[in-house]
Number of protein chains: 2
Amino acid sequence: MAASAGPEIERLIGLLAKLPGLGPRSARRAALALLKKREQLLTPLAEALALAAERVKTCRTCGSLDTQDPCAICADQSRDGTLICVVEEVGALWAMERAVAFRGRYHVLGGLLSALDGVGPEALRIGGLTARAGDPAVREVILALPATVDGQTTAHYLADRLAGSDVSVTMLARGVPVGGELDWLDDGTITQAMKARRPA
Amino acid sequence: MAASAGPEIERLIGLLAKLPGLGPRSARRAALALLKKREQLLTPLAEALALAAERVKTCRTCGSLDTQDPCAICADQSRDGTLICVVEEVGALWAMERAVAFRGRYHVLGGLLSALDGVGPEALRIGGLTARAGDPAVREVILALPATVDGQTTAHYLADRLAGSDVSVTMLARGVPVGGELDWLDDGTITQAMKARRPA
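Here the structure is a predicted model, which is why all the values come from computation and not from measurement.

So, how was this worked out
- Residues numbered from 1 in each chain as written.
- Chains lettered and ligands numbered in written order.
- Predicted model: local features only at pLDDT ≥ 70, side-chain atom pairs only at ≥ 80, totals over all residues.
- Heavy atoms only, no water.
- 1 Å grid on protein atoms, 1.4 Å probe; cavity = no way out; pocket = protein on both sides within 12 Å on 5 of 7 lines; lining within 4 Å.
- Points joined across faces, edges and corners; volume = space filled by probe spheres on them.
- Helix = DSSP H or I, 4+ residues; strand = E, 2+ residues; numbered from the N terminus.
- Nonpolar A, V, L, I, M, F, W, Y, C, P; charged D, E, K, R; others polar.
- Disulfide = S-S within 2.5 Å.
- Least-squares fit on C-alpha atoms with pLDDT ≥ 70 in both.
- Contact = heavy atoms within 4.5 Å.
- Pairing = 2+ DSSP bridges.
- Axes fitted to C-alpha atoms, helices over the stretch in contact; angles between N-to-C directions.

**Student:** Is there a simple way to explain the layout of surface pockets in this structure?
**Tutor:** By rolling a water-sized probe across the atoms, one finds the places where empty space is left. All names here are of chain B. If you add up the space inside the largest pocket, you get close to 360 Å³. Residue lining of the largest pocket: Ala-147, Gln-152, Leu-172, Ala-173, Arg-174, Gly-175, Val-176, Pro-177, Val-178, Gly-188, Thr-189 and Gln-192, and that is the complete set. Top contributing element to the lining of the largest pocket by residue count: helix H8 (residues 187-195), with three residues. Per-class residue counts for the lining of the largest pocket are six nonpolar, five polar and one charged.

Okay, structure coming up:
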């Protein structure tokens, strides 16, 4: 950074640059935008962050983030308690909720098994999942994990761990995404979509 | 946003999405990253923003941002007071300082003249510039404005306004940028570089 900006601005830029999606250059642009719009942006953001730091907590049941514990989804009696959807992170939970494709409960693992990154089962929220799956009210555990090597390794591991219990373990279908042009799809997706073909 | 996150998180995402470079999706990712790294990122950023809101002000001389007024550059007696470099925004000033290509003083216009956006001379810090250029100690005003239509319109307007004073008005050279492959350069740049060719 230029010595022309004070240490307060440099520190702000350094912190903004740690956000995913912002590099050093875009962090400078963001800092300038904040300083130009003090009343509309800078002060409200400072307050929103302080409030989030104070109020937002991790749900002890499912691992999601909310201002209440248990979170709004775990506390919502209208949701289907027989289904647990396992996701990697809260971002995936939000994506599922946006799709409005699922009205059961969630379980946030907090990551994926990864031999490369040295992430073992003890680093994930797996004990809580097996305990919840042991509840006789739960019928199905849906593994909504990414279709990556780590995602599939984790899915296989969880399927093994849950094999002894009475729940059925399922996973999301693989196939051509909505709007997917075959020409642009990778071979793996096409192969999976062909294998899993169904009557038209 | 999903109703699954509390209003505090939704508000945080909404504010982050207003930063340049972050859209609704990357704002969600940024909010999650902040909430996952409370001690290292969320709380420090909240404090840095609050501190910036409290301390950073606009220099009444040049229009730059600093915690002191006059800013560090205007107050620095070792800098050449005979040169004023006119820039569009503080971001451009920082870029000049990073390049260490200039040791005079600056004048931040706060924008560019734009017929399309309805920005007239009264919206820019032009009165301050003509006043500063009238100081007998000032010899040269360098227009370091972008090579865009609005940038050039503004440069012509400023050159006209400063024509009566004793300062010489200059602008940055146009030409092939460092590392610029001719094959990838636009015709305008090549034409300008050819016109302004000099002995090798």
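Read on for the rest.
**Student:** What is the right way to read the state of the cysteines from this model?
**Tutor:** A disulfide bridge is the covalent bond that connects two cysteines by way of their sulfur atoms. Counted according to the given criterion, the structure contains zero disulfides over all chains. Here Cys-71 of chain B stays free of any disulfide, with the sulfur of Cys-62 of chain B as its closest cysteine sulfur at 3.7 Å.

**Student:** It is not clear to me how the relation of the copies chain B and chain A should be interpreted in this structure. Could you clarify?
**Tutor:** One copy of the chain maps onto the second through a rotation around an axis plus a translation along that axis. Of the transformation superimposing chain B on chain A, the axial component is 0.0 Å and the angular component is 180 degrees, with the fit at an RMSD of 0.1 Å. Here the two chains are linked by the operation of a two-fold rotation axis. Of the C-alpha atoms belonging to chain B, the one lying closest to the rotation axis is found on Ala-46 of chain B, 2.4 Å away. The overlap is high: 100% of the interface residues of chain B also sit at the interface in chain A, so the same surface is used on both sides.

**Student:** Just to check I follow, could you spell out unusual backbone geometry for this structure?
**Tutor:** Glycine aside, residues mostly have negative phi, and peptide bonds are mostly found in the trans state. Residues and elements named next belong to chain A. Here Asp-69 and Pro-70 are connected by a cis peptide whose omega angle stands at 0 degrees. Looking at the secondary structure, you find Pro-70 in the loop between strand E2 (65-66) and helix H4 (72-75). Phi is positive for Val-100, close to 50 degrees, though the residue is something other than glycine. Along the chain, Val-100 turns up in the loop between helix H5 (90-99) and strand E4 (104-108).

**Student:** Is there a simple way to explain the sheet that holds strand E6 (residues 168-171) of chain A in this structure?
**Tutor:** Strand pairing in a sheet relies on backbone hydrogen bonds, with the paired strands running either antiparallel or parallel. Residue and element names in this part refer to chain A. Strand order across the open sheet formed by four strands is E4-E3-E5-E6, with parallel pairing between neighbours. At either end of the open sheet lies a strand with only one pairing partner, and these are E4 and E6. Mean inter-strand twist for the sheet, computed between neighbouring axes without regard to direction, equals 25 degrees. By the bridge criterion, five bridges tie strand E3 (residues 80-87) to E4 in an arrangement that is parallel. Looking at the pairing, Val-86 lines up with His-107 of E4. Sheet contacts for helix H6 (residues 126-133): E3, E4 and strand E5 (140-143); angle to E4, the most-contacted strand, approximately 155 degrees. Of the strands in this sheet, E3, E5 and E6 touch helix H7 (residues 149-162), which is tilted by about 165 degrees from E5.

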